[in-house]
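Descriptive analysis of the structure
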Amino acid sequence: MVCHFKMLDKIKLTKIIIKIVPRAQNFLKKKKYNLVEEGLIDSFAIIQILLEIEKINKRKIKVGNLSRENFKDIPSILKLVNKK
């Protein structure tokens, strides 16, 4: 059985984060940032982000091993959600 799902890209993820946390827009333009440590996303925002991603990918994200590190920046979130 082959499982096909949409890969989430940086642009789509950035739009999701800005939709949920509008003030994150300026931070996402920096080369280095940490969304969690800078107080831009909390546990509620993480849940909202995951729900939006699940809608786009049309599959559940395994949340068993989530950590703050998974949500520090765009590349970390993409690595988490695009795992097969």
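What counts and how
- Residues numbered from 1 in each chain as written.
- Predicted model: local features only at pLDDT ≥ 70, side-chain atom pairs only at ≥ 80, totals over all residues.
- Heavy atoms only, no water.
- Salt bridge = Lys/Arg side-chain N within 4 Å of Asp/Glu carboxyl O.
- Buried < 20%, exposed > 50% of the residue type's maximum accessible area, 1.4 Å probe, protein only.
- pLDDT = per-residue confidence, 0-100.
- Helix = DSSP H or I, 4+ residues; strand = E, 2+ residues; numbered from the N terminus.
- Contact = heavy atoms within 4.5 Å.
- Axes fitted to C-alpha atoms, helices over the stretch in contact; angles between N-to-C directions.
- Parallel < 35°, antiparallel > 145°, perpendicular 65-115°, else oblique.
- Nonpolar A, V, L, I, M, F, W, Y, C, P; charged D, E, K, R; others polar.
- Expected span 1.5 Å × (residues − 1).
- Polar contact = N/O pair within 3.5 Å; in protein donor to acceptor, adjacent residues only side chain to side chain.

Here we look at the pattern of salt bridges
- For the coordinates displayed, the defined rule picks out five salt bridges.
- With its nearest N and O atoms 3.8 Å apart, the salt bridge here joins Glu54 to Lys60.
- In this structure, the salt-bridge partner of Lys72 is Glu69, at a minimum N-O distance of 3.4 Å.
- The exposure class of Glu69 is partly exposed, given its relative accessible area of 48%.
- Among the charged side chains, a salt-bridge network with shared partners connects Lys19, Glu52 and Lys55.

Considering the confidence of the model for the chain
- The predicted model of the chain has a mean per-residue pLDDT of 86, with 92% of residues at 70 or higher.
- The lowest-confidence element of the chain is helix 2 (residues 25-28), averaging 89 in pLDDT; the highest-confidence one is helix 1 (residues 10-20), averaging 94.
- The low-confidence segment residues 1-5, where pLDDT is below 50, has five contacts with residues more than four positions distant or belonging to other chains.

Here's the deal with the packing of helix 1 against helix 4 (residues 74-81)
- At their nearest, the axes of helix 1 and helix 4 sit 10 Å apart, and the two run at 110° to each other. Here helix 1 lies roughly perpendicular to helix 4, going by the angle between them. On helix 4, the residues touching Lys10, Leu13, Thr14 and Ile17 of helix 1 are Ile74, Ile77 and Leu78.
- Here the contact of helix 1 with helix 4 is built from residues that sort into five nonpolar, one polar and one charged.

Regarding helix 3 (residues 43-57)
- In this model helix 3 runs 21 Å from its N-terminal to its C-terminal C-alpha over 15 residues, within 8% of the 21 Å that 1.5 Å per residue would give.
- Where helix 3 is concerned, the buried positions are Ala45, Ile46, Ile49, Leu50, Glu52, Ile53, Glu54 and Asn57.
- Contact partners of the buried residues in helix 3: helix 1 and helix 4.
- The residue sitting at the N-terminus of helix 3 and contributing the capping side-chain oxygen is Asp42; that oxygen lies 3.2 Å from the backbone nitrogen of Phe44.

Quick notes on the environment of Ile20
- As for its position among the elements, Ile20 is in helix 1.
- As a C-alpha pair, Ile20 and Asp9 span eleven residues in sequence and 17 Å in three-dimensional space.
- Those residues in contact with Ile20, other than ones at most four positions away along the chain, are Ala45, Gln48, Ile49 and Glu52.

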